[in-house]
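Structure assessment
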Amino acid sequence: KYETEVFYLGTIHGMESWAHKRPLFLTNFVRHNIQIYGNHQWHRILPLYPELEPHFNLLETPMPIEELNIRMNCSKIYPVDAHPGIINGLHARIFDAIGAGIVPVVEYRRDIDKVFIDMKPPSFKNFDEARKLASYYIENDSRREELAVELNQFLMMNYKSKDCVNRMLSAI
């Protein structure tokens, strides 16, 4: 029921230039089975990206966390575009995807190198790279599954809650 190759949950805000970045980004995944979930604002911009319309699912209310987790568990790839409001730091959806056991394909930010020291999620600097990475990991199930486990183990070893709190306290 929930199985898909690429899963994406995200909102569109207004019609400014940032509103076009997200659908333009997601057009790179339409050759795969992609399911996009979002708010009413998507309807204002979808006519400009008709290839996305068959993949779009309107959410009247926020998706319950249990459903989000199930949908992510039944997916292979989660594309993560860099949030325009985050100058430093990483989008939380990277960690949601890893926790759900799927591979995030992440728009590169320098902070990826700071957080993921020994084990990095696939990252891209342009949308063509994103498309190629997604295709590679969708077509190579065993490598994708291995990477999902490796990323999860890396986070569990290096970012346990207690350890993170201790690091923050020692930095104060």
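Further up the page is the structure itself.
The paragraphs below set out a description of the structure included in this document. Keep in mind the model is a prediction, meaning the values are calculated, not measured.

**Notes on empty space enclosed by the protein**
Under the defined criterion, the tally for this structure stands at one cavity of 30 Å³ or more. Here the largest cavity defines a volume of roughly 70 Å³. Lining the largest cavity are V80, D81, A82, H83, I86, G89, L90, H91, I94, V106, E107 and R109. The residue makeup of the lining of the largest cavity, split by class, is six nonpolar, three polar and three charged.

**Observations regarding the nonpolar core**
Among the nonpolar cores identified, the biggest contains 48 residues, and L26, W42, Y78 and F116 are the most heavily contacted of them. Once you skip the residues sitting within four places of it in the chain, L26 turns out to touch Y8, I34, I36, W42, L52 and P79.

**Describing the pairing of strand β4 (residues 75–80)**
The buried count for β4 comes to six of six residues, which makes it a mostly enclosed element. Of the strand pairs in this sheet, strand β1 (residues 4–9) and β4 are connected by two bridges, and their pairing is parallel. Looking across to β4, one finds that T4 is bridged to S75. As a crossover connection, the stretch from β4 through helix α4 (residues 93–100) into strand β5 (residues 103–107) is right-handed.

**Overview of the packing of aromatic side chains**
A complete count under the given rule lists 12 aromatic pairs for this structure. Judged by centre distance (5.2 Å) and plane angle (45 degrees), the ring pair of F25 and F127 falls under tilted. Remark: F127 occurs in helix α6 (residues 127–139) and F25 occurs in helix α1 (residues 17–26); sequence separation between them is 102 residues. With 4.8 Å between their ring centres and 85 degrees between their planes, Y136 and Y137 make a pair best called edge-to-face. Owing to a relative accessible area of 11%, Y137 belongs among the buried residues under this scheme. A connected cluster of aromatic rings, assembled from ring pairs, spans F7, Y8, Y37 and Y78. The cationic tip of K125 hangs over the ring face of Y108; the distance from NZ or CZ to the ring centre is 4.9 Å.

**What to know about the pattern of salt bridges**
Under the counting rule described, the total for this entry stands at 14 salt bridges. The closest approach of N and O atoms between K21 and E107, which form a salt bridge, is 2.6 Å. Placement of the pair is K21 in helix α1 and E107 in strand β5, with a sequence separation of 86 residues. Given the relative accessible area of 13%, E107 is considered buried. In this structure, the salt-bridge partner of D113 is K120, at a minimum N-O distance of 3.9 Å. Its relative accessible area of 35% is what places K120 among the partly exposed residues. What you see here is one network of salt bridges that share partners, running through K76, D141, R144 and E145.

What counts and how
Residues numbered from 1 in each chain as written. Predicted model: local features only at pLDDT ≥ 70, side-chain atom pairs only at ≥ 80, totals over all residues. Heavy atoms only, no water. 1 Å grid on protein atoms, 1.4 Å probe; cavity = no way out; pocket = protein on both sides within 12 Å on 5 of 7 lines; lining within 4 Å. Points joined across faces, edges and corners; volume = space filled by probe spheres on them. Nonpolar A, V, L, I, M, F, W, Y, C, P; charged D, E, K, R; others polar. Core = buried A, V, L, I, M, F, W, Y, C linked by side-chain atoms within 4.5 Å. Buried < 20%, exposed > 50% of the residue type's maximum accessible area, 1.4 Å probe, protein only. Contact = heavy atoms within 4.5 Å. Helix = DSSP H or I, 4+ residues; strand = E, 2+ residues; numbered from the N terminus. Pairing = 2+ DSSP bridges. Right-handed = clockwise from strand over helix to strand, strands pointing away. Phe/Tyr/Trp six-rings, centres within 6.5 Å; stacked < 30°, edge-to-face > 60°. Lys NZ or Arg CZ within 6 Å of the ring centre and 35° of its normal. Salt bridge = Lys/Arg side-chain N within 4 Å of Asp/Glu carboxyl O.

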